[in-house]
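Structure assessment
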Amino acid sequence: MADFKLHVDTSGIEKLFVKLDKLVVKINTALSVLDKGLIKNMEASMGALSRHTKSIDKTFTKTREETTEILKNIEKIKDTTGKVTTLWARISFVATALVSYKIFDIITTSITDAVEESKLLETSFVELKSLMNDIPDGSKIAKMFTDKEVELSVKYGHSLKDIADSAYNTVSALKKNKDSLIALDNAMKLAEVTNSTTNTTTKLINRTLNAFNLNVQESARVSETWFKVIQEGDLRLEEMGGSIGKLIASAGSAGISFGDLASAYGTMVKVLPAKQATTALTRIITKFKEMPEVMEKVQKVGLLETIKDFNDLTGEQIKDIMGSSKAIAGMSVIFQKQNDIIRIRNKMLANSSYLEEAFTEKMATEAKKRDVLIQEIKTNMRNIGTYLN
């Protein structure tokens, strides 16, 4: 995609800034009157605010008239995108949000962040374009990715800085699939609900998709299933430990299904600490892979059923076969939790919306509403700056 820079006759810009400076003074005056409590009752307050509002509206009107030619020049180039028609709507959105939600304290940082995020988007585009340079329409897809980064930043109320690195890693890990950021979307949802980092959940989802040869569209099911595992163990995702990636890779290379792995892991974490369960199940699968007849059974009846069959052996026999105290500890949990196995397996394999329900509840909190609003303000400020550049 060819990059372009909009060059506009800036002779009217200085007048525009003078008018906007006056507008800021009027807004600050109105806010000062309100904040210092100089208006004693609501009726008087509304009257004063109305007078200032009329003055502000008048300034806006005059400023708009004086910049008609500038806007016409922009419109000639950008009329197909409809962006110009939204400029004043974006300004109105920012002003209304600041007044309605009384978050004037973030205006300075929002402006600074908007400038930094503009630079970050440019950097992200360059990096993604470089990553995609060996595939058709790589530049076009890279631009689509950066647009998606902005969309996700507003959806989740996260800064672009939080998203950009994860976006790059996801695209890289998922073999430059043009739908890669669908996986990032679902990973961010899991992070939001579990209070984990986007980096942690992104790695978990990407590794799972790759290890079990699942397509990007299945990332929603993968996130949902891992959330159910976390529910069963009443644990934090980080408690699984860094070796969770090794467990996922080992299960995938052994031909074990993701649902089977999740069922076994979900059973173990009901008793064992998450890291211990991760190690135990990794040792079990590693040992099973050394025994073709056992792996043949795993393929036929599943991992849990195969482990359950060892319950017919004595402790010494299991020890001789497995040779690992950690693996034996994991198997003991399966022996103990046989009544839970069917329920847990059915839960892991069932279509459900536990994650979506938890996400909806989380995003309805006042804290998240504020995060989303602030990010939307920064996005609109960045776009306004682009139009006036």
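This one's a predicted model, so the numbers in the text were calculated from it and none came from an experiment.

**A look at the confidence of the model for the protein**
In regions of low pLDDT, the predicted coordinates are not meant to be interpreted in detail. When pLDDT is averaged along the protein, the result is 77; 68% of the residues meet or exceed 70. Under a pLDDT of 50 for its full length, residues 1-8 has, in the predicted model, 13 contacts with residues more than four places off or in other chains. Low pLDDT, under 50, characterises residues 77-85; the predicted model gives this stretch 9 contacts beyond four residues in sequence or across chains.

**A short note on the side chain of Ser196**
As for its position among the elements, Ser196 is in the loop between α8 (180-194) and α9 (198-211). At 2.9 Å, the side chain of Ser196 forms a polar contact with the side chain of Thr194. A distance of 3.4 Å separates a polar atom in the side chain of Ser196 from a polar atom in the side chain of Glu238. Excluding anything up to four places from it in sequence, Ser196 contacts Ala191, Thr201, Leu237 and Glu238.

**Considerations on the packing of helix α13 (residues 274-288) against helix α17 (residues 325-336)**
Here α13 crosses α17 at 105°, and the two axes come no closer than 8 Å. Put simply, α13 runs roughly perpendicular to α17. Where α13 approaches α17, its residues Gln276, Thr279, Ala280, Arg283, Ile284 and Phe288 are matched on the opposing element by Lys326, Ala327, Ala329, Gly330 and Met331.

**Side note on the layout of surface pockets**
Roughly 210 Å³ of internal volume is contained in the second largest pocket. At the level of elements, α8, α10 (219-233), α18 (338-349) and α19 (354-363) are the ones that each hand at least two residues to the lining of the second largest pocket. For the lining of the second largest pocket, the element with the most residues is α10, which contributes 5 residues. Here the lining of the second largest pocket is built from residues that sort into 5 nonpolar, 5 polar and 5 charged.

**Observations regarding the nonpolar core**
Ranked by internal contacts, the top residues of the largest apolar core, which has 78 residues, are Trp226, Tyr265, Leu281, Ile284, Ile285, Phe288 and Met331. Apart from residues no more than four positions distant in its own chain, Ile284 is found in contact with Met268, Ile307, Met322, Ala327, Gly330 and Met331.

**Side note on the packing of aromatic side chains**
This model, assessed by the stated rule, comprises 5 aromatic pairs. Where Tyr156 meets Phe359, the ring centres are 5.4 Å apart and the plane angle is 55°; that geometry is what we call tilted. A residue pair is termed long-range when its members are at least 10 positions apart, and Tyr156 in helix α6 (residues 138-156) and Phe359 in helix α19 qualify at 203 residues. For Tyr156, a relative accessible area of 0% translates into the label buried. For the ring pair Phe288 and Phe310, a centre distance of 5.5 Å and an interplane angle of 20° mean the geometry is stacked. Separated by 22 residues along the polypeptide, Phe288 in helix α13 and Phe310 in the loop between α15 (303-309) and α16 (315-322) bring together distant segments of the chain. Since its relative accessible area comes to 0%, Phe288 is described here as buried. The exposure class of Phe310 is buried, given its relative accessible area of 9%. One aromatic cluster is present, built from ring pairs that chain together Phe212, Trp226, Phe258 and Tyr265. Note that Lys189 overlies the ring of Phe359, its terminal NZ or CZ placed 5.2 Å from the centroid.

Calculation criteria
Residues numbered from 1 in each chain as written. Predicted model: local features only at pLDDT ≥ 70, side-chain atom pairs only at ≥ 80, totals over all residues. Heavy atoms only, no water. pLDDT = per-residue confidence, 0-100. Contact = heavy atoms within 4.5 Å. Helix = DSSP H or I, 4+ residues; strand = E, 2+ residues; numbered from the N terminus. Polar contact = N/O pair within 3.5 Å; in protein donor to acceptor, adjacent residues only side chain to side chain. Axes fitted to C-alpha atoms, helices over the stretch in contact; angles between N-to-C directions. Parallel < 35°, antiparallel > 145°, perpendicular 65-115°, else oblique. 1 Å grid on protein atoms, 1.4 Å probe; cavity = no way out; pocket = protein on both sides within 12 Å on 5 of 7 lines; lining within 4 Å. Points joined across faces, edges and corners; volume = space filled by probe spheres on them. Nonpolar A, V, L, I, M, F, W, Y, C, P; charged D, E, K, R; others polar. Core = buried A, V, L, I, M, F, W, Y, C linked by side-chain atoms within 4.5 Å. Buried < 20%, exposed > 50% of the residue type's maximum accessible area, 1.4 Å probe, protein only. Phe/Tyr/Trp six-rings, centres within 6.5 Å; stacked < 30°, edge-to-face > 60°. Lys NZ or Arg CZ within 6 Å of the ring centre and 35° of its normal.

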